[in-house]
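Structure at a glance
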Amino acid sequence: MHGDLGLHGDFGLLSPVSASPHVAALTGDRAVLGAILKVEAAWAAVLDEAGLAPAGSAAVVAAAADVQRYDVAGIAVRAQGGGNPVIPLLADLREQVRNLDTAGLGAVQAIHTSLTSQDVLDSALMVLAAGAIRELLAELRTATAALAGLAEAHAHTLCVARSLTQHSLPYTFGLRAAQWFSGLAAAASRLEALELPVQTGGAAGTLASGTVLTDGAVLTDGAGLTDGTGLTPGALTPEPLSPFDLADRLAARLGLAPVPAPWHTNRLAVTALGDALAAVTDAAGKMAADVLFLSRPEVAEIAEPRAAGRGVSSAMPQKQNPVLSVLIRSAALQAPALAAQLHLAAANFNDERPDGAWHSEWAALRQLLRLALGAAGQLRELAEGMAVFPGTMRRNLGLGGPLLLSEAVNAAVAPLLDGAVLNGRALDGRGAGTGAGRTGKQRLQAVVDETLRAPAADQADTYRALLRAAVPEELLTDARLEELLNPANYLGQSVEISRRILAAYPEYTGQAGAIAHQLQNGASRG
């Protein structure tokens, strides 16, 4: 009846960053339905094990919980009737169980007993997220390992740092790669530390129905039930099970975290997940933005890996568009609004079960998962195949000439000018003559200002000449001046910073523990 809906489905034409069969398998409608069925099957197994459902029910429900048995498109349309997909799916699941229960066990009684639709869908989305996160972390670990390799290989590769779009100081490409690594490793670590909780609150979050169930109320007239302890009557029994025990058992079966209480309207678990996913796309987006600039033809310091058919233009045969970074950036620009949607929903979860706010979470959370997964896949390929051009980096570093070292010159030379006396004239700002009354720093700034008035092509020679004229050789030799104007001598702690970054996240370097043992100064994660 709904078979033609597949012809008009969403395949990701307008979201190429996540248009992947792998992403669809982890987050598509079939994956969502599979997660819902997994929760229902796990709950039936919990009840069967506890003696709160007819013995043997779990196996029947598990057989019926095969997603291939269900019309996903049809369930999606029917979900409009109750506002969520759990309701129509339950009708179909019960029908499947009745058909498969050839022994007449009454296995249908194990389905959804004492649960509400929010219990099932909240738990199912956590199951869905857990599977997506496992794949996402695998992609991120591969990407960060590649970045760690770049950071180590280019620890001494000179390039220029840029501040507010302008050249600022000498830098190393190794530190740039290490900073990319740092953002991604920190985001991945945050994501990995998340606890995804199970949900079993019942109709109003009081576990009322679950309490009736565990207190020994009989589900039906059928045989095979016990007294709610999970053991046969007459055996040596422990304390009776509570609804909390059942929730913990469900969490264990689903690989989710147990919780002290239902969280129907306390949505920190959802917003924390959304924030962690957005942090991943933030870090990926930062790297992509850098690559987009650094790979421009006029900059040409790095390039994306090439592949047949990638980066092509529909009109210009010569173009090689940095499409990996373009797609990553597209994800990074969308994710914050989706995370904000989760917070907006959380702030509007009225009453004990909300009207509309809960429903608005689902699409936002799934799209965050899709974007993060898609971006991570592109990022892995980018990091593993990035081409680095040290020669062009050095060329660009040289564009600013010795002016780039004016901070280093100020630090070393201004004190000499302030305290020196030469040829009977004070150079500390108190004597007569050119520059009298000015500090050494002010004199050096005047040299910079005068240099900047010269044509760009002449500024390097102009700065050297003016600087030499302003600083007597008796105070600063030519050799010492050239040392100050060598960019390799003004890198600060760049190499050590890179090393400490990698040492702070050894599990993301691809050589867990190896770099950590090199750390001597107690680097920690900020």
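Structure: above.
Attention here is on the structure that accompanies the text. (Residues numbered from 1 in each chain as written. Predicted model: local features only at pLDDT ≥ 70, side-chain atom pairs only at ≥ 80, totals over all residues. Heavy atoms only, no water.)

With that settled, consider the overall build of the protein. From N to C terminus, the protein includes 18 helices and six strands. Taking all 526 residues of the protein together, the buried fraction comes to 48%. Pairs at least 24 apart in sequence give 74% of the contacts found in the protein among residues at least 6 apart. Approximately 24300 Å² of the protein is accessible, and the part contributed by carbon and sulfur atoms is 55%. (Helix = DSSP H or I, 4+ residues; strand = E, 2+ residues; numbered from the N terminus. Buried < 20%, exposed > 50% of the residue type's maximum accessible area, 1.4 Å probe, protein only. Contact = heavy atoms within 4.5 Å. Areas by Shrake-Rupley, 256 points an atom, 1.4 Å probe, with all protein chains shown as cover.)

Ranked by size, the top nonpolar core spans 128 residues in total, and within it Trp180, Met287 and Met386 carry the most contacts. Among the elements that take part in this core, helix H6 (residues 117–153) stands out by supplying 20 residues, more than any other. Leu158, Leu403, Leu405 and Ala408 belong to the second largest nonpolar core, which has 22 residues in total. (Core = buried A, V, L, I, M, F, W, Y, C linked by side-chain atoms within 4.5 Å.)

With that out of the way, let us pick up helix H11 (residues 323–346). The end-to-end C-alpha distance of H11 is 35 Å, a good match for the 34 Å that 24 residues give at a rise of 1.5 Å each. The largest bend along H11 reaches roughly 25° and is located at Ala335, with the proline Pro336 sitting one to four residues downstream. For H11, the full list of buried residues reads Leu324, Ser325, Leu327, Ile328, Ala331, Ala332, Ala335, Leu338, Ala339, Leu342 and Ala345. On its buried face, H11 is in contact with helix H10 (268–294) and helix H12 (357–385). (Expected span 1.5 Å × (residues − 1). Bend = angle between axes of the 7 residues up to and from the residue.)

For the rest of this paragraph, the subject is the packing of aromatic side chains. A complete count under the given rule lists three aromatic pairs for this structure. Ring centres of Phe173 and Trp180 lie 5.9 Å apart, and the angle between their planes is 85°; on these two criteria the pair is classed as edge-to-face. Taking the relative accessible area as the measure of exposure, Phe173 reaches 0% and is therefore buried. Judged by its relative accessible area of 3%, Trp180 falls in the buried class. For the pair Trp358 and Trp362, a centre-to-centre distance of 4.9 Å together with 85° between the ring planes defines the contact as edge-to-face. Here Trp358 and its partner Trp362 are both found in helix H12, four residues apart, which amounts to about one turn of the helix. For Trp358, a relative accessible area of 3% gives the class buried. Of the residues examined, Trp362 reaches a relative accessible area of 18% and is grouped as buried. (Phe/Tyr/Trp six-rings, centres within 6.5 Å; stacked < 30°, edge-to-face > 60°.)

Let us look at the packing of helix H7 (residues 173–192) against H10. Two elements in contact, H7 and H10, have axes separated by 8 Å at closest approach and are oriented at 165°. Classified by the interaxial angle, the pair formed by H7 and H10 is roughly antiparallel. When the axes of H7 and H10 are compared, the crossing they make is left-handed. Class assignment for the residues of the contact of H7 with H10 results in 14 nonpolar, one polar and five charged. (Axes fitted to C-alpha atoms, helices over the stretch in contact; angles between N-to-C directions. Parallel < 35°, antiparallel > 145°, perpendicular 65-115°, else oblique. Left-handed = near helix turned anticlockwise from the far one by under 90°. Nonpolar A, V, L, I, M, F, W, Y, C, P; charged D, E, K, R; others polar.)

Moving on, we get to the packing of H6 against H10. Relative orientation of the contacting elements H6 and H10 amounts to 25°, with a least axis distance of 13 Å. It follows from the interaxial angle that H6 and H10 lie roughly parallel. The two elements H6 and H10 meet at a crossing, and its hand is left-handed. Between H6 and H10, the contacting residues are Met126, Ala129, Ile133, Leu136, Leu140 and Leu147 on the first element and Val270, Leu273, Leu277, Val280 and Met287 on the second. By residue class, the composition of the contact of H6 with H10 is eleven nonpolar, no polar and no charged.

The next point concerns the side chain of Thr27. Position of Thr27 relative to the elements: it lies in helix H1 (residues 21–27). A polar atom in the side chain of Thr27 sits 2.8 Å from the backbone oxygen of Val23. In this view, Thr27 contacts Val32, Leu128, Ala132, Arg366, Leu369, Arg370 and Leu373; residues no more than four positions away in its chain are not counted. (Polar contact = N/O pair within 3.5 Å; in protein donor to acceptor, adjacent residues only side chain to side chain.)

So, on to unusual backbone geometry. Phi is positive for Thr165, close to 80°, though the residue is something other than glycine. Under the relative-accessibility criterion, Thr165 is labelled exposed at 68%. Non-glycine residue Ala300 carries a positive phi angle of around 55°. Looking at the secondary structure, you find Ala300 in the loop between H10 and strand E3 (302–303). Owing to a relative accessible area of 24%, Ala300 belongs among the partly exposed residues under this scheme.

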